[in-house]
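Structural overview
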Amino acid sequence: MRMTLLRLSRAATAGLVAAAALTAAAHSAEAAEAADTLGSAAAAQGRYFGTAVAASHLGETDYVATLNREFDSATPENEMKWDATEPTRGTFTFSAADQVVNHAQAQGMDVRGHTLVWHSQLPSWVGGLGAADLRSAMNNHINRVMGHYKGQIHSWDVVNEAFQDGGSGARRSSPFQDKLGDGYIEEAFRTARAADPAAKLCYNDYNTNGVNAKSTAVYNMVKDFKSRGVPIDCVGFQGHFNSNSLVPSDLRANLQRFADLGVDVQITELDIEGSGAAQADSYARVVEACLAVDRCTGITVWGVTDKYSWRSGGTPLLFDGNYAAKPAYDAVLSALGGSGGGGNPGGGTATCTATYTRTADWSSGYNGQVTITAGSEPIGSWAATLTFASPQRVQATWNAAPTWSGNVMTARPSWNGTLAAGASTSFGFTVAKNGSDAAPVVGGCTVS
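Because the structure is predicted, anything quoted here is derived from the model rather than measured.

Basis of the calculations
- The numbering scheme is per chain: residues are counted from 1 as the chain's sequence reads.
- Local features in a predicted model are, by the rule used here, given only for residues with pLDDT of at least 70; side-chain atom pairs are given and counted only at 80 or more, and totals for whole chains, interfaces and linings are based on all residues.
- Values reported for side chains reflect all heavy atoms of the structure, with hydrogen atoms and water molecules removed beforehand.
- To qualify as a helix, a DSSP run of H or I must reach at least 4 residues; to qualify as a strand, a run of E must reach at least 2; elements of each kind are numbered from the N terminus.
- Three labels apply to residues, based on accessible area from a 1.4 Å probe with only protein chains included: buried if under 20% of the type maximum, exposed if over 50%, partly exposed otherwise in between.
- We call two residues contacting when some pair of their heavy atoms lies within 4.5 Å.
- Only the protein chains shown count as covering a residue, and every accessible area follows the Shrake-Rupley method with a 1.4 Å probe.
- The criterion for strand pairing is that DSSP finds at least two bridges linking the strands in question.
- Every axis in this analysis is a line fitted to C-alpha atoms, fitted for helices over the stretch in contact. Angles between the N-to-C directions lie between 0 and 180 degrees.
- Confidence per residue, as judged by the predictor, is encoded in pLDDT with a range of 0 to 100.
- The length a helix should cover is 1.5 Å for every residue beyond the first.
- Polar contact is the term for a pair of N or O atoms within 3.5 Å; when the atoms are in protein, one must be able to donate a hydrogen and the other to accept it, and sequence-neighboring residues count only if both atoms are side-chain atoms.

Considerations on the overall build of the protein
When you go through the protein residue by residue, the secondary structure sums to 13 helices and 17 strands. Split into buried and exposed, the 448 residues of the protein put 52% on the buried side. In the protein, the share of contacts with a sequence separation of at least 24, taken over all contacts with a separation of at least 6, comes to 75%. Here the protein displays about 18100 Å² of accessible surface, and carbon together with sulfur accounts for 52% of that area.

Shown next, in the form of structure tokens:
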């Protein structure tokens, strides 16, 4: 009997192991198939890919559809800041922030809390307090806001942008710094840990992406906190890049030195001005840097669509004003190891290319033409972006329906969207030079 039971036990165990292996294989296959969005591709890498969310846009169908499809983490853009949550001392309002949190939870997204203590977007009453009152108000604000969302927030930006720009490495002047001194940051983190012990507690700042005086000052603070047991779990690097602030070559090394202190690192507010291949390359380099650092736990882009970006004129996000995926989206998805292409959310491998030629030229203007060519599969529609040099102005277009974000035109077919494999169509435009003879920069073609 004992031998029979033992054999049965072994057989059952073997069956369970086989079933577990089949289940794991099935889950692995499902993950591979699902890695066709930013969130699913990042999850396959053990990370999240999030976005800033504005409650005021949650009634817009395309905004919500893109948000729900692509992202697995949400950060309230303004709804959790001090002026939104405690406009009058002791009177708290959470309705707008609740909309974002409730929507995220309904979609299975994590939520990052942003932000508790910051020199900006403070209601005027905060700056008028004396030191004792300010300390009491700061701690009460942390306790009340974190208490309201206890257990619902993955990571909190406890203190935001506390260091000066430039080479001094000094603290920024603010009501907190000026009246409470250097110790206010430590106090805020200790208060936050008590308020919600399960939440990750982060320090967040900008212009700290590379190794420089400002990032080193933050590094030294974090190193000191870790050595003394001050509760800090993560550091956020905002990543607002443009032609005057490029993605630094030492981004990976900088992230790694913070991670070596024993904290997670996160890209928290990523947006990169530009268009086309250059923008796509910059986005890819940020993603690759994060993936190369084990403790880089995720990336948040600062908005869903260019049209609602705080820097909309620079078209800095992954989706244009009409929610078409840009070349930067494809570059990010590829860097994450995903596939599918945001220009073709339904799946498939259809592609297209866009090539520009100048067809006529005169002293005050020129005519341009863009040829759209389908790849090895037929396409049902397309979109192409062109960035025009300021102060040029497009006076007319034909064979395309244009939309604008700053000086970037997104052209979609007015009638000529369907193309057989390898087939081409074209659209044209007339440009007033206004002193500039520069050719427009073609940002690429996406299947939509």
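Focus on the sheet that holds strand 10 (residues 352-362)
Taken together, 4 strands build an open sheet; the order of strands is 10-11-16-13 and the sheet is antiparallel. Taken across any chain shown, the strands that pair with only one partner, and hence form the sheet edges, are strand 10 and strand 13 (393-398). Averaged over all adjacent pairs, the angle separating strand axes in this sheet is 25 degrees, with direction ignored. Pairing of strand 11 (residues 365-374) with strand 16 (residues 424-432) involves 9 bridges; the strand directions are antiparallel. Bridging from a neighbouring strand, Tyr366 pairs with Val431 of strand 16.

Brief notes about the confidence of the model for the protein
For the protein, mean pLDDT is 89; residues scoring 70 or higher make up 89% of the total. This model gives residues 342-348 a pLDDT under 50, and the stretch forms 13 contacts once residues within four places in sequence are excluded.

Quick look at helix 9 (residues 183-195)
Here helix 9 contains 13 residues, and its C-alpha end-to-end distance of 18 Å stays within 8% of the 18 Å for a straight helix at 1.5 Å per residue. When helix 9 is considered as a whole, its buried residues turn out to be Tyr184, Ile185, Glu186, Ala188, Phe189, Thr191, Ala192 and Ala195. Looking at the packing, one finds that the buried side of helix 9 touches strand 3 (110-118), helix 7 (131-148), strand 4 (155-160), helix 8 (175-180), strand 5 (200-205) and helix 10 (213-228).

What to know about unusual backbone geometry
Note that the residue after His114, namely Thr115, is joined by a cis bond; omega there is -10 degrees. Assignment of secondary structure puts Thr115 in strand 3. Of the consecutive residues Ser390 and Pro391, the connecting peptide bond is found in the cis state with omega at 10 degrees. For Pro391, the location among the structural elements is in the loop between strand 12 (382-387) and strand 13. With a phi angle near 55 degrees, Glu161 is a residue other than glycine that sits in the positive phi range. In this fold, Glu161 is placed in the loop between strand 4 and helix 8. If you check the backbone angles, Asn207 has positive phi at about 55 degrees while not being a glycine. Looking at where Asn207 falls in the secondary structure, it is placed in the loop between strand 5 and helix 10.

Here's the deal with the side chain of Lys326
Note that Lys326 resides in the loop between strand 9 (296-301) and helix 13 (327-335). Residue classification places Lys326 among the buried positions, given a relative accessible area of 5%. At 2.8 Å, the side chain of Lys326 forms a polar contact with the backbone oxygen of Leu317. What Lys326 contacts, discounting residues up to four positions off in sequence, is Gly274, Gln279, Asp306, Thr315, Pro316, Leu317, Leu318, Phe319, Asp320 and Thr446.

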